[in-house]
Amino acid sequence: MEGRTASVTRNTRETQISLTLSLDGTGKAEIDTGVGFFDHMLDGFARHGLFDLQVKVTGDLRVDDHHTIEDTGIVLGQAILKAAGDKKGIRRFGSCILPMDETLVLTAIDLSGRPYFSYDASFASDRIGDMSTQMVREFFYAISYSAQMNLHMKVLDGMNDHHKAEALFKSFAKSLDQAVSLDPRIQDVLSTKGTL
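Criteria and thresholds
- Residues numbered from 1 in each chain as written.
- Predicted model: local features only at pLDDT ≥ 70, side-chain atom pairs only at ≥ 80, totals over all residues.
- Heavy atoms only, no water.
- Patch = residues over 30% accessible without salt bridge, like charges linked within 9 Å, V, L, I, M, F, W, Y side chains within 5 Å.
- Areas by Shrake-Rupley, 256 points an atom, 1.4 Å probe, with all protein chains shown as cover.
- Salt bridge = Lys/Arg side-chain N within 4 Å of Asp/Glu carboxyl O.
- Helix = DSSP H or I, 4+ residues; strand = E, 2+ residues; numbered from the N terminus.
- Buried < 20%, exposed > 50% of the residue type's maximum accessible area, 1.4 Å probe, protein only.
- Core = buried A, V, L, I, M, F, W, Y, C linked by side-chain atoms within 4.5 Å.
- Contact = heavy atoms within 4.5 Å.
- Axes fitted to C-alpha atoms, helices over the stretch in contact; angles between N-to-C directions.
- Left-handed = near helix turned anticlockwise from the far one by under 90°.
- Nonpolar A, V, L, I, M, F, W, Y, C, P; charged D, E, K, R; others polar.
- Pairing = 2+ DSSP bridges.
- Parallel < 35°, antiparallel > 145°, perpendicular 65-115°, else oblique.
- Phe/Tyr/Trp six-rings, centres within 6.5 Å; stacked < 30°, edge-to-face > 60°.

1. Observations concerning a nonpolar patch on the surface
Side chains of Tyr116, Tyr141 and Tyr145 sit close together on the surface and give an oily, nonpolar patch of about 310 Å² of accessible area. Mapped onto the fold, Tyr116 is located in strand β7 (residues 116-120). Tyr116 sits in the partly exposed class, given a relative accessible area of 46%.

Now the structure itself:
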């Protein structure tokens, strides 16, 4: 992995996580969290954001998927913050309205250094494959706070739970790719304060 890259590990009595993220990748992913549908979502995040991502998680799945997914969100958020560095030259803002069949999702990001999370999505079922649908919100909440980003996510239309979850992950990926993209016109940080 080259470019703006960060590696983060987190070891608790509930989870052991190692994660490496490159913001300047090509969409390569090596993912093993023990939760198949979550692996699929993280693979989509890497591919559609053009991030290189390696994730290995050993979690207390005998309990449920909560700690595995939430802690992965914490670690991914830390890696985003670390890889973005001083944020000089980045566009800072990113947004995407993403269609997936009958589903339409909006995501908007500000890498402001001030965490805030707004989420409007509902699911008809409790699980998609082996992943709890409640954990979609918890994952992105964890990212927003550990990456210190302002993150808004809304499902504008949709019926199929798989499509809703997948569109949220892909829309987040596209928005983040835009926000961390370097713009040669931005010489410092994009802020009237002079810092992010």
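Back to the text.
2. Description of the nonpolar core
One broad trend across soluble globular proteins is that nonpolar side chains are buried collectively. Counting residues in each nonpolar core, the largest one holds 56 residues, and the members touching the most others are Leu53, Phe140, Met149, Phe172 and Leu176. At nine residues, helix α4 (residues 161-180) tops the list of elements feeding residues into this core. Discounting chain neighbours no more than four positions away, the residues touching Phe172 are Phe45, Ile80, Thr107, Ile109, Phe140, Ile143, Met149, Leu151 and Met153.

3. Some details on the packing of helix α1 (residues 36-49) against α4
The N-to-C vectors of α1 and α4 enclose an angle of 35°; their axes lie 8 Å apart at closest approach. Crossing angle aside, the handedness with which α1 passes α4 is right-handed. When α1 is examined against α4, the residues Phe37, Phe38, His40, Met41, Leu42, Phe45, His48 and Gly49 are found in contact with a partner set consisting of His162, Ala165, Glu166, Phe169, Lys170, Phe172, Ala173, Lys174, Leu176 and Asp177. For the contact of α1 with α4, a count of residues per class yields ten nonpolar, four polar and four charged.

4. Re the sheet that holds strand β2 (residues 15-22)
The strand order across the open sheet built from four strands is β1-β2-β4-β3, with neighbouring strands paired in mixed fashion. For this open sheet the edge positions go to β1 (5-11) and β3 (29-32), each flanked by a neighbour on one side alone. For this sheet, the mean angle separating the axes of adjacent strands, direction not counted, is 5°. With eight bridges joining them, β2 and strand β4 (residues 52-59) adopt antiparallel strand pairing. Paired with Ser22 across the two strands is Asp52, which belongs to β4. Against the sheet, α1 makes contact with β3 and β4, and its axis sits at roughly 160° relative to β3, the strand it touches most. Sheet strands in contact with helix α2 (residues 66-84) are β1, β2 and β4, and its direction is about 35° off that of β2.

5. Here's the deal with the pattern of salt bridges
A side chain of one charge can pair with a side chain of the opposite charge when the charged atoms of the two come close. Going through the model one piece at a time under the given rule, you end up with eleven salt bridges. Measuring nitrogen to oxygen at the nearest pair gives 2.8 Å for the salt bridge that ties Asp43 to Arg47. Here Asp43 pairs with Arg47, and both are found in helix α1, just four residues apart, close to one helical turn. With a closest N to O distance of 3.5 Å, Arg137 and Glu138 form a salt bridge. Its relative accessible area of 34% is what places Arg137 among the partly exposed residues. Where salt bridges share partners, they join Arg91, Asp183 and Arg185 into one cluster.

6. Structural notes on unusual backbone geometry
What is expected of a backbone is that most residues other than glycine have negative phi and most peptide bonds are trans. Here the phi dihedral of Leu50 falls at roughly 55°; this positive angle occurs in a residue that is not glycine. Relative to the helices and strands, Leu50 resides in the loop between α1 and β4. Here Leu50 falls in the partly exposed class, since its relative accessible area comes to 41%. A positive phi angle is found at Arg92, which is not glycine, with a value near 75°.

7. Focus on the packing of α2 against helix α3 (residues 134-146)
Closest axis-to-axis distance for the α2/α3 pair is 7 Å, and the angle between their directions is 30°. Judged on the interaxial angle alone, α3 and α2 are roughly parallel. By crossing handedness, the relation of α2 to α3 is classed as right-handed. Contacts from His66, Ile69, Glu70, Thr72, Gly73, Ile74, Leu76, Gly77, Gln78, Ile80 and Leu81 of α2 reach α3 at Met135, Glu138, Phe139, Ala142, Ile143 and Ser146.

8. Observations concerning the packing of aromatic side chains
For the structure on display, the rule yields ten aromatic pairs. For the ring pair Phe45 and Phe172, a centre distance of 5.7 Å and an interplane angle of 25° mean the geometry is stacked. In this pair, Phe45 is assigned in helix α1 and Phe172 in helix α4, connecting sequence segments 127 residues apart. Residue Phe172 is classed as buried on the basis of its relative accessible area, which comes to 1%. With 5.1 Å between their ring centres and 70° between their planes, Phe139 and Phe140 make a pair best called edge-to-face. As far as burial versus exposure is concerned, Phe139 and Phe140 are alike and both buried.

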